[in-house]
Amino acid sequence: MITTFFGNDALGSSTAMAVSLLVGFGFGFALERAGFGSSRKLGGIFYFRDMTVLRVMFTAMLTAMLGLHLALSLGIVASDQIYFLPTVYGAQIVGGMLFGVGFGLACWCPGTAAVGVASGRLDALIYLFGAVLGSILFNELYGLLEPLYTWGGSGVKFIWEALGVSAPFFALIFSGLGVAAFWFAEWIERRTAGTGPYFGSPFLKAFSVAVLVAAFAVAVLPSTGIDRAAVSRLGPPPETAILQTMQAGEDHVEPEALADRLMTGDPSLLLVDIRTPGEYSAFHIKGALSVAPAELPETLAPRRDKGTIVLYSNGMTHPAQARDALARMGFNNVYILTDGLQGFMRRVLKPVSLREAPLTAEMTAQVDAWRGFFLGTATARADDSQGSAGDMPGLVETAWLNERLGRGDVRIIETRSQPAYNGGHLPGAVRMDPEHFRGVVGGVSSMLLPVDMIVRHLGLLGIRPEMTIVVVPSEKIMDATLIGTALERAGHRRYAILNGGWEKWLAERRPVDTLLPAITETAYPSPREADPFTVDYRTVLEHVHRRSAVLLDVRPADYFSGAKSDEARAGHIPGAVNRPFADDLTTTDGITSFKPRAELEEAYARMIPSKDTTVVVSCRTGHQASQTRFVLQNILGYRKVFWYDGGWAEWSSRPELPVETSP
Amino acid sequence: MNPDRSVHSNGPRPYMNPYLAGLILGAVLLAAFLVLGTGLGASGGIARVGAAAQGALMPRHVAASPYFGAWGSNPLSYYLVFMFAGTLLGGLVSAVAARRVEPQLERGPTASPRRRILMALSGGVLAGFASRLASGCTSGQALTGGAMLATGSLLFLVSLFAAGYAAAWFARRQWS
């Protein structure tokens, strides 16, 4: 039983290179002996004046075919030791035709041109130069050609399978076809060029009989033949290999395994966050490097095939595309994080108290250890009342802000009244009344202003897109979330709310001054598209009819039920559910803050089936709803949270819209 | 085998019996199957020369390109490159031994050199391009895959000759 270099995965070894040189020598020698160092002779087949190409090629094909099948039948070599060429119908038919045109024009092919160069043929040298250019051209156009390159990829396919016969039987038929072709070649050459020297000769008769006898011998041998399963297992082309690896999930790293490896501090592991820098700075897995997808090949080049590279984003689509592209560039050590950051949150960082299935004591300790490592020990337990930025994304702590006072890339906005602000404020803070962002739009009052007016305000506050904005609320957190909503409409997502607000800052005796902040007016760029989260009453009405969203009304319960009303009509949008915004807050020692994340998670999980459920949040004017939207989207990570700004004020004033009251 | 062989002539020796040459070629291919586990190939080596040449001029571009980039920083360190070198060498030894080395631009007696150069160059560009698309050429696809009885390789062979006959008819004046 032979072990081939391919079977041994040793084609890259220097021995294989030496053997290849030897095989190539035999190849070139045979081609030259046949006369293939001459393009005139090669081209003869196209004009039926010299059929040598047919004679040589068909003889060689039959010889190798019969020899290979004999070796397989006798068990000299196993099917998994041979790289069987895969079939890619589209690429091979189109490629074959283009190649054939090249062959017809130049009367060279790559192997024979090598022999032609060795024979001093200038046209062969020109042909090879062209072939090098053609290869480069293919590489340059590969991005466009990729669909064609893989068009009709079908794995290893045999012609005898397609015809429903056995391999030895087809080999016999094919040999008969070959013999007929030899006689045809001799006959047509005699007719067109008066040559055909072997027509009817004893040699050709003997040779024909020998071919057929050999084919017959292969056909009648008791044969195990080709092991179809072994063939299918191996040697797929690179593209198929990538697809198969992906389908088999071999390119995935499970979040738990990643967490464990990160905790060991393994230097061979490189974790790459391919989300936007903004998302990265808001939260990332500890130890991750932030790289834009376009810069991956260059940044990762030094790590090609060294150690393990793991890519992640929120989900899996983008890392999978990036991995795919990298694999085609020869990176064989790139993996993607199963279920992305969302999966990591759910499977590694989710507190024990929030998990559906009860955990063993061992698992509980494991989860606590993960949380301790990735979120910091202070927040290792889910029932800690104060979250960090990691536990409560969207919020920053007073200590965090204190360290960043005076920094040009951080702008602080306070929401207290003007006299209160003038009496003392955070150093460098500007004051912004959330009502500055609201006005009458389309006849409806208290609507968030159009984006061009918002960006004008931001410009006056000296805000630039790359700045991180920290909004400092005072008692009314919804003032801060309304400003946040205005920032999001302007496309500014780098903002956070100071946990505990002004009151906590003051209670901790952190710096306060009365100086005017130094502001240089800017021209904040206006985003080209409308914000993605605001919906109008038509959209809400459609959701009412189609029951396609959770309609979350965050007004106090008695307004929701219709018991109390200070608008045109009492009640709520049909089908809406109620969760008063104040239920998300807690006040201790005069400091108002959000309830612990765990509590919020639990409360909303009861009302909203999944984090991908469409949720439309509304209240009376949009103010309170901005707070619930912040909780759902920015703290809890719900992905489809919309905001009905018009709210009950608008809905109740449009008599055509349906209203529901509850007992 | 050939009765016309004249050992006393100083001119090029006659070609080998094509069936015998085919038998030798088939034996070489069979040896490649049984020892390397792969067939023969020529265009792969040429393409890698292309990747190396382009890589020498614009290393970062090639390293980041999806097709050549997959071949790493040293595309020439590959068995098919050595096979191509061997083919040149084997052809040279055979041609020298048979006194068939003759520097020339092979063409028809009345055809212009310009026409022949144009044909050889455009044919080469097409071949380089198409052999990458089909992952092989006459040796790597048609001969190797044909001997395996691989469906796609046989389709490649049929497409090749169908298009080849059509193109050759249009290009026939280079041989007149």
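Here the structure is a predicted model, which means the values were calculated and not measured.

Peer 1: Just to check I follow, could you spell out the overall build of chain B for this structure?
Peer 2: In terms of regular secondary structure, chain B is built from 7 helices and 0 strands. Scanning chain B from its N terminus toward the C terminus, one meets helices and strands in the order α-α-α-α-α-α-α. Buried positions account for 60% of the 176 residues belonging to chain B. Taking all contacts inside chain B whose residues are at least 6 apart in sequence as the whole, residues at least 24 apart take part in 56%.

Peer 1: Could you clarify how one ought to interpret the interface of chain B and chain A in this entry?
Peer 2: Interfaces are frequently sized by the accessible area removed from exposure as the parts join. Contacts between chain B and chain A engage 113 residues on the former and 121 residues on the latter. Secondary-structure elements contributing two or more residues to the side of chain B that touches chain A are α1 (18–36), α2 (43–57), α3 (59–64), α4 (79–97), α5 (113–133), α6 (138–148) and α7 (151–170) of chain B. For the side of chain B that touches chain A, the leading source of residues is α1(B), giving 18 residues. Broken down by class, the residue content of the side of chain B that touches chain A amounts to 74 nonpolar, 33 polar and 6 charged.

Peer 1: Explain the environment of Gly340(A) to me, please; I cannot follow it from the model alone.
Peer 2: Residue and element names in this part refer to chain A. Following the sequence through the fold, Gly-340 ends up in helix α16 (residues 340–349). The class of Gly-340 is buried, set by 22 C-beta atoms lying within 10 Å. Placed 21 residues apart in sequence, Gly-340 and Pro-319 show a C-alpha to C-alpha distance of 8.4 Å.

Peer 1: Whenever I open this one, the pairing of strand β4 (residues 308–312) of chain A confuses me. Can you help?
Peer 2: Regular strands place side chains that alternate from one sheet face to the opposite one. Residue and element names in this part refer to chain A. Where burial is concerned, most of β4 is hidden: 4 out of the 5 residues are buried. In this structure, strand β2 (residues 269–273) lies alongside β4, joined through 5 bridges in parallel fashion. By the bridge assignment for β4, Leu-269 is matched with Thr-308. For the handedness criterion, the β-α-β arrangement of β4, helix α15 (residues 317–328) and strand β5 (residues 334–337) is classed as right-handed.

Peer 1: Could you clarify how one ought to interpret the sheet that holds strand β3 (residues 289–290) of chain A in this entry?
Peer 2: The strands that make up a sheet are held in pairs by hydrogen bonds between backbone atoms, and each pair lies either parallel or antiparallel. All names here are of chain A. Reading across from one edge, β1-β5-β4-β2-β3 is the order of the 5 strands in this open sheet, with parallel pairing throughout. In this open sheet, the two edge strands, each paired with only one partner strand, are β1 (252–253) and β3. Packed on one face of the sheet, helix α12 (residues 255–263) meets β1, β2, β4 and β5 and runs near 120° to β2.

Peer 1: Is there a simple way to explain the confidence of the model for chain A in this structure?
Peer 2: Caution is warranted with low-pLDDT regions, since their predicted coordinates should not be read in detail. Residue and element names in this part refer to chain A. Residues of chain A with pLDDT of at least 70 account for 93%, and the chain-wide mean is 87. For chain A, per-element mean pLDDT is lowest for helix α11 (residues 238–247), which scores 48, and highest for helix α5 (residues 110–118), which scores 97. Contacts from residues 233–243, a stretch scored under 50 in pLDDT, to residues over four places away or in other chains number 19 contacts. Below a pLDDT of 50 lies the segment residues 377–390, which in the model reaches 35 contacts outside its immediate sequence neighbourhood of four places, other chains included.

Thresholds applied
- Residues numbered from 1 in each chain as written.
- Chains lettered and ligands numbered in written order.
- Predicted model: local features only at pLDDT ≥ 70, side-chain atom pairs only at ≥ 80, totals over all residues.
- Helix = DSSP H or I, 4+ residues; strand = E, 2+ residues; numbered from the N terminus.
- Buried ≥ 20, exposed ≤ 12 C-beta atoms within 10 Å, placed from the backbone.
- Contact = placed C-beta atoms within 7 Å.
- Nonpolar A, V, L, I, M, F, W, Y, C, P; charged D, E, K, R; others polar.
- Pairing = 2+ DSSP bridges.
- Right-handed = clockwise from strand over helix to strand, strands pointing away.
- Axes fitted to C-alpha atoms, helices over the stretch in contact; angles between N-to-C directions.
- pLDDT = per-residue confidence, 0-100.

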